[in-house]
Amino acid sequence: ESTLKNYIKNPLLLIKEPPLTEQEMLEEYIFLGLRKKEGINISYIKKRFKTDFYSKYAKISDKYAKYFEKNNDFLNFTSEGFLISNIILSEFIEA
């Protein structure tokens with residue numbers, strides 16, 4: 001049980017978080033990866049998460065197509081895409 005009294009007794013005690021699900025790990029990869037200039041590796045997503053990115057997220061990638069750049073196996077934001085990245089990324093999490 002996590003309480004203030006327990007924290008005061010032992011402030012360095014780590015609270016164990018449940019491990020992330022595969023879906024949560026995929027969302028983290030997309031969310032964090034698209035914030036980097038290099039973007040996300042579509043082949044890595046297919047290999048690691050057994051997911052076809054463009055099938056799973058077709059509505060989002062089509063809706064915001066002008067804000068993405070494809071470079072070989074990578075997908076990243078354009079300059080304009082970075083400006084509205086929070087809006088776009090929130091849709092990936094909700095998908």
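Residues numbered from 1 in each chain as written. Predicted model: local features only at pLDDT ≥ 70, side-chain atom pairs only at ≥ 80, totals over all residues. Heavy atoms only, no water.

### A short note on a nonpolar patch on the surface
Using the following cut-off: Exposure above 30% relative accessible area and the lack of any salt bridge qualify a residue for a patch; like charges then connect within 9 Å, and the nonpolar side chains Val, Leu, Ile, Met, Phe, Trp and Tyr within 5 Å. For the area figures, the Shrake-Rupley method with a 1.4 Å probe applies, and any residue is considered shielded solely by the protein chains shown. One speaks of a salt bridge when a side-chain nitrogen belonging to Lys or Arg is within 4 Å of a carboxyl oxygen belonging to Asp or Glu. Numbering of helices and strands starts at the N terminus; helices are DSSP runs of H or I of at least 4 residues and strands are runs of E of at least 2.
Taken together, the side chains of Leu4, Tyr7 and Ile8 define a hydrophobic patch exposed on the protein surface, amounting to about 380 Å² of accessible area. Secondary-structure assignment places Ile8 in helix H1 (residues 4-9).

### Brief notes about the side chain of Glu27
Convention followed: The rule is simple: take the accessible area with a 1.4 Å probe, protein chains only, and divide by the maximum for that residue type; under 20% is buried, over 50% is exposed, in between is partly exposed. Charge assignment: positive for Lys and Arg, negative for Asp and Glu; neither His nor the chain ends contribute. We call two residues in contact whenever any of their non-hydrogen atoms come within 4.5 Å of each other.
Turning to its location among the elements, Glu27 is positioned in helix H2 (residues 22-33). Lys56 is the oppositely charged side chain nearest to the buried, salt-bridge-free Glu27, at an N-O distance of 6.9 Å. Setting aside anything within four residues of it in sequence, one finds Glu27 in contact with Phe92 and Ile93.

### Thoughts on the environment of Ser90
Structurally, the position occupied by Ser90 is in helix H7 (residues 85-94). Relative accessible area serves as the criterion here: at 29%, Ser90 is assigned to the partly exposed category. Along the sequence, Ser90 and Leu14 sit 76 residues apart, while their C-alpha atoms lie 29 Å from each other.

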